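# Overview (structure and organization)
Chain residues, written in single-letter form:
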Amino acid sequence: MFRFWKRANWKYTILGGGERMDNAGYNTGSFDGLHQVSDDVDDDDEMVDIAGATLDFSNTDDDPPLNSGGYEEHSPGRGMNGAGGPTAMMDPLEDPVPGVGTYEDFNTIDWVREKSKDRDRHREITSKSKESMGALLHRISDAFSGWLLMLLVGLMSGALAGGIDISAHWLTDMKEGVCLNGFWFNHEHCCWTSNEPTFKERDKCPDWKSWAELIVGTGEGGFAYVVNYMMFMFWALLFSFLAVTLVKSFAPYACGSGIPEIKTILSGFIIRGYLGKWTLIVKTITLVLAVSSGLSLGKEGPLVHVACCCANILCHLFTKYRKNEAKRREVLSAAAAVGVSVAFGAPIGGVLFSLEEVSYYFPLKTLWRSFFAALVAAFTLRSINPFGNSRLVLFYVEFHAPWHLLELGPFILLGIFGGLWGALFIRANIAWCRRRKTTLLGHYPIVEVLVVAGVTALVSFPNSYTRMSGAELIKELFNDCSLLDSSQLCRYKQDTNATAGTSAGNGLADRPADSGLYTALWQLSLALLFKMGITVVTFGMKVPSGLFIPSMAVGAIAGRLLGVGMEQLAYYNHDWAIFRGWCTPGADCITPGLYAMVGAAACLGGVTRMTVSLVVIMFELTGGLEYIVPLMAATMTSKWVADAFGREGIYEAHIRLNGYPFLEPKEEFEHKSLAVDVMRPRRADPALAVLTQEGMTVEEAEALVASTRYSGFPVVVSQESQRLVGFVLRRDLLISIDNARQRQEGVVSSSQVLFTEHPPAQAADAPPPVRLRSLLDLSPFTVADHTPMDITVDIFRKLGLRQCLVTHNGRLLGIITKKDILKHMAQMANRDPDSILFN
Amino acid sequence: MWLPNSKIYCIIVKTITLDGPSENKLTLHIVFILQNSEDIRCKCICPPYRDIEGQIYKQNVSLKDCNCLHVVEPMPVDGKDVEAYCLRCECKYEERSSGTIKVITIIRYGDATIIMYLSILGLLLLYMVYLTLLEPMLKRRLFGHSQLIQNDDDVGDQQPFANAHNVLSRSHSRPNVLNKVEHAQQRWRRQVQEQRKSVFDRHVVLS
């Protein structure tokens, strides 16, 4: 019965094909790659660890051989898998060799193989469960483990997000002063019970001391201002310095937003350590520092990364997920939903975000699990109550002012602005990041961060709208001016003759702007220009940096400006035809806060190209269903406008910049090329490197492997006939031969390597053969040489293939890998095909 | 479990005992303090009314008493205007997190999150300083100068972790628990070094 288990595990021996990454640094094709693997892989930190076995060689015999009867009939059948397994006799060598069936760093997984591995495992548990009570319990716990994992992911991410919120809030206020009755209180909580704050100055209380008050004894005057300015800059520089040094020392992978990489990982790429525990710790700690340093960045994107790290670490608790890359990616998809759920307090928005933006493979089961996990996470965050206002986000707003159909005009204008800004931002940011990647700039990450943080602090302190954190700015801008507000944005002239008091709280009539409001408006305009500029250079620096908050801030400022403009226009021109119907004097017809909200959605939509999920996130933020139509109009317009300048959003642009092997599901393949045009070897190249199923010696096989850099080799019946038998992976082959040399007696360089079922007759004194049929993928995908490429691309996309063999009249002709396809697509789009770096 | 307006701390001590397969019994004490009385407030914002300035009132009252009549003290207007004045005020009941879950074994009154955050940050910084400054110094003392000079060609020599390879090769000889720990640590350091190379030097990922 060893067979079954082995076939379950090895049937779909991995991918390979095309060359390894051209970059010399990753070319671990030589044999020491193997030893390095055995060193590295059993660590928790790994994105991937050994499927099927730990690398502890002494341990392998304890692995469940599943040799109880009755499985023979479950030949692990996929439809396309014609080849029934041979019922070969047992051979000690056919014990599973640890390490076989795993992937190397910076490689792509084979979805087909992983999924069928899981199906086999599941089938086996199901059929076994009829036998005993214990097995039944095992089956139940196995079915339950997915939900349990989701629960844990939700709890952990929610708790971490709460911690990040509280700490970031506190550390941000630290730049301005300190609380005397407990240094751990932020400004608001310092004045929580104090009755000192007045209506006009809401954040004044004796316990909260600004740095000037502490150092020079007074909070007033020019000198105090300078002291505060200096302290502000000092803290900003200190925080950003700590953030970037921690990232550089402990976890370089913790920098950036993480969403482009998560997207690539979810599509099947492997980046070891990217979701490890050090990345988690360092990202959590430095995210707080980066946000509080006042840099123009947000914590929302990195929270997705944090949630995915949690999920990956918790996956180690469950064998089902630990050992299967495809199953683990289902969990990671759900974790991405959790990240957005806690970042915006929008559970449904999170699920849709995962579905629309990051996930590659998103079955219904994952949808429900994401839903559950997002719910748990939001609940956890709510019970932590990080802001003390029973809301999950700082800038939660609640207003129910109605809007008029004619306002769709300005909303669409905001959409156009958002689209233009999005397209411009992507161009500028990618150009800047390319500069960082290729020029000297990239060699000084610490200096870069310090300079940007210094400039940000220097410029932002004088302007109160840039001095406050991004989230607070958005809160202020979203806020609707009611009687209860005293902020500068609400300095309207009091209507003297109005009989105020009839309407309570909200629903204030339009009023003329006061000088305070005009000051606020030009401050906001300056803030807009500054934010637009600084965000371009900030996103992509080597600190954790999200993009949602800065984009939303830009949009919210633009929206608020337009909103106030519209309001004043309507106030002074009641008699215009367009205002006559709905904006009579004394009516409250235009809500600037709503414009800010629509503007924020439009800009975020322009940058990320999200649509459905964005609208849902926005209305979960505001709790008002009546604004769906304005939000939809603005988001759609912004997507159209931005798409006119370039089809890819910021995340796809970064994926392309880094050359990750990401087969974009949204992109159409429209060229008329054929499989034979794309496959390797090309016409001028030497013939395809193949193994024969018998007749090769160990030495010859090793020489073939050593002389090439391919990650997999087709196995044919003989060199003359070139008829295909199967496909074997370089990594598996190397590990197995090495294992045989060490553990099987009598294997020498002249031993035969056999991929056949039955050993051919050999001379009696010949050394024992090395039998490797179990490594063989007996059902490699093949296409005929005249298959159009659009069909081939579809096969790759939908099945998640790594490689596909090309045949002509049944003879093996060549191989197409995912990398070949990406290179071909790049070539067709007039881009540099060598930009695709990874397999 | 929610205790409105509790004037005393409510302390619940849970003792969870986990029976492991070995004799090691792990005992966890989890202590919660629920709802410090300072952690609830009713905040009323009253806008300007006639010639009275706008004002903010805060009182430590329970949810059912959270309205203008209970919280606004002293009432700035007289009897007949109270209703008109109160109509315009907005009262919100708020609770905050600082007291909801505190691990008092760490600190009595502090906000556990901030304390925890600061301790982790401090530990990381200390560890970083140790790896950058102290360890090379200790190494120099223990192993002499020669071995350090050997890997001058290493790219990130001034970085912490730079001498990982060196120590790795050495530690094979003495297999004991301490060495295993050191080995694991060195392996991690080598991984970080690899990551750093690909992110900061070669710029192949995450740029």
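Preceding block: the structure.
Since this is a predicted model, take the numbers as computed values, not measurements.

With that settled, consider helix H27 (residues 698-707) of chain A. Residues and elements named next belong to chain A. Every buried residue belonging to H27 is among Val698, Ala701, Leu704 and Val705, and all of these are buried. Buried residues of H27, seen end-on, are gathered within an arc of 130 degrees and therefore sit on one face of the element. Exposed positions of H27 whose direction lies more than 90 degrees from the buried face are Ala706 and Ser707. Packed against the buried residues of H27 are strand S3 (691-692), strand S4 (696-697), strand S5 (712-716), helix H28 (730-743), strand S7 (752-754) and strand S8 (770-771).

In this section: the interface of chain B and chain A. Counting residues at the interface gives 56 residues for chain B, matched by 71 residues for chain A. Between chain B and chain A the total buried area reaches about 5900 Å² when both faces are included, carbon and sulfur atoms providing 62% of it. On the chain B side of the contact with chain A, Tyr117(B), Phe200(B) and Leu206(B) bury the most area, a combined 13% of that side's loss. Our count for the chain B to chain A interface comes out at one salt bridge. A salt bridge links Glu188(A) to Arg41(B), with the shortest nitrogen-to-oxygen separation between them at 3.7 Å. Where chain B touches chain A, the interface holds four residue pairs in polar contact (both at pLDDT 80 or more). Those elements giving two or more residues to the side of chain B that touches chain A turn out to be strand S3 (40-46), strand S4 (55-59), helix H2 (82-88), strand S5 (90-95), helix H3 (112-143) and helix H6 (177-201) of chain B. With twelve residues, the single largest contributor to the side of chain B that touches chain A is H3(B).

The next point concerns the state of the cysteines. Tallying each qualifying case throughout the model produces six disulfides over all chains. A disulfide bridge connects Cys191(A) with Cys205(A), and the sulfur atoms are separated by 2.1 Å. Its S-S torsion of approximately -70 degrees makes the covalent link between Cys191(A) and Cys205(A) left-handed. Remark: Cys205(A) occurs in the loop between helix H5 (187-190) and strand S2 (208-210) and Cys191(A) occurs in the loop between H5 and S2; sequence separation between them is 14 residues. For the pair Cys191(A) and Cys205(A), a shared accessibility class is recorded, and that class is buried. Here Cys44(B) connects covalently by a disulfide to Cys91(B), the sulfurs 1.9 Å from one another. Here Cys44(B) and Cys91(B) share a disulfide; its torsion about the S-S bond, 105 degrees, makes the bridge right-handed. Here the residue Cys44(B) occupies a position in strand S3, and Cys91(B) occupies one in strand S5, the gap between them amounting to 47 residues. Cys44(B) gets classed as buried once you look at its relative accessible area, which sits at 0%. We classify Cys91(B) as partly exposed; its relative accessible area is 24%. Ordering the disulfide-forming cysteines of chain B by sequence position, one finds them joined as 1-4, 2-8, 3-7, 5-6.

Bringing the packing of aromatic side chains into the picture now. The geometry of an aromatic ring pair comes down to the distance between the two centres and the angle between the two planes. On inspection of all chains with the given rule, the structure shows 28 aromatic pairs over all chains. Between Phe250(A) and Tyr127(B) the ring centres are 5.7 Å apart and the planes differ by 5 degrees, which places this aromatic pair in the stacked class. On the criterion of chain membership, the pair formed by Phe250(A) in helix H7 (residues 221-250) and Tyr127(B) in helix H3 is interchain, its members lying in two chains. Seen in terms of ring centroids, Tyr710(A) and Phe713(A) are 6.5 Å apart; in terms of plane orientation they differ by 70 degrees. Their pairing is edge-to-face. Judged by relative accessible area, Phe713(A) falls into the buried class, the value being 0%.

Residues and elements named next belong to chain A. Within this structure, the stated rule accounts for 26 salt bridges over all chains. Across the pair glutamate 114 and lysine 117 runs a salt bridge whose closest N-O atoms are separated by 3.6 Å. On the criterion of helical spacing, the pair formed by glutamate 114 and lysine 117 is a turn pair, its members being three residues apart in helix H3 (residues 111-128). Exposure class is identical for glutamate 114 and lysine 117. Each is buried.

This part is about the nonpolar core. All names here are of chain A. Counting 209 residues, the largest nonpolar core has Phe344, Phe395, Phe478, Met552 and Met618 as the members making the most contacts within it. Discounting chain neighbours no more than four positions away, the residues touching phenylalanine 395 are Phe344, Ala471, Ile474, Lys475, Phe478, Ile549, Met552 and Leu621. Listed in part, the 25 residues of the second largest apolar core include Val698, Val725, Ile737 and Leu778.

Residues and elements named next belong to chain A. For the pair helix H8 (residues 259-266) and helix H13 (residues 347-358), interaxial distance at closest approach is 11 Å and the crossing angle is 75 degrees. With respect to each other, H8 and H13 are oriented roughly perpendicular. Packed against H8, whose contacting residues are Ile259, Lys263 and Leu266, the element H13 presents Phe353, Glu357 and Val358 at the interface. Each residue belonging to the contact of H8 with H13 can be placed in one class, and the counts come to four nonpolar, no polar and two charged.

How each quantity is defined
Within each chain, residue numbers correspond to sequence positions counted from 1 in written order. Written order decides the labels, with chains lettered from A and ligands numbered from 1. Residues qualify for local features only when their pLDDT is at least 70, as the model is predicted, and side-chain atom pairs are given and counted only at 80 or more; totals for whole chains, interfaces and linings, by contrast, use all residues. Heavy atoms from the whole structure form the basis of all side-chain values; hydrogens and water molecules are not counted. Only protein chains enter the area calculation, which uses a 1.4 Å probe; residues under 20% of their type maximum are buried, those over 50% are exposed, and those in between are partly exposed. A run of H or I in DSSP counts as a helix once it spans at least four residues, and a run of E counts as a strand once it spans at least two, with each numbered from the N terminus. Directions are taken from the helix axis to each C-beta atom, and the arc is the one they span. We call two residues in contact when some of their heavy atoms are within 4.5 Å. In this description, buried area is defined as the sum, over both parts, of the accessible area (probe of 1.4 Å) that is lost when the two are combined. For this document, the term salt bridge refers to a Lys or Arg side-chain nitrogen within 4 Å of an Asp or Glu carboxyl oxygen. Under the rule applied, a polar contact is a pair of N or O atoms within 3.5 Å (in protein, one hydrogen donor and one hydrogen acceptor; residues adjacent in sequence only if both atoms are side-chain atoms). Whenever a pair of cysteine sulfur atoms sits within 2.5 Å, that pair is classed as a disulfide. Planes of paired rings set the category: under 30 degrees apart is stacked, over 60 is edge-to-face and the rest tilted, where pairs are Phe, Tyr or Trp rings (Trp by its six-membered ring) whose centres lie within 6.5 Å. Take the buried Ala, Val, Leu, Ile, Met, Phe, Trp, Tyr and Cys residues and link them wherever side-chain atoms come within 4.5 Å; each set so joined is a nonpolar core. To obtain an axis, a line is fitted to C-alpha atoms, over the contacting stretch when the element is a helix, and the angle between two such axes runs from 0 to 180 degrees between their N-to-C directions. For this classification, under 35 degrees means roughly parallel, over 145 means roughly antiparallel, 65 to 115 means roughly perpendicular, and everything else is oblique. Each residue gets one label: Ala, Val, Leu, Ile, Met, Phe, Trp, Tyr, Cys and Pro are nonpolar, Asp, Glu, Lys and Arg are charged, and the others, such as Gly, are polar.

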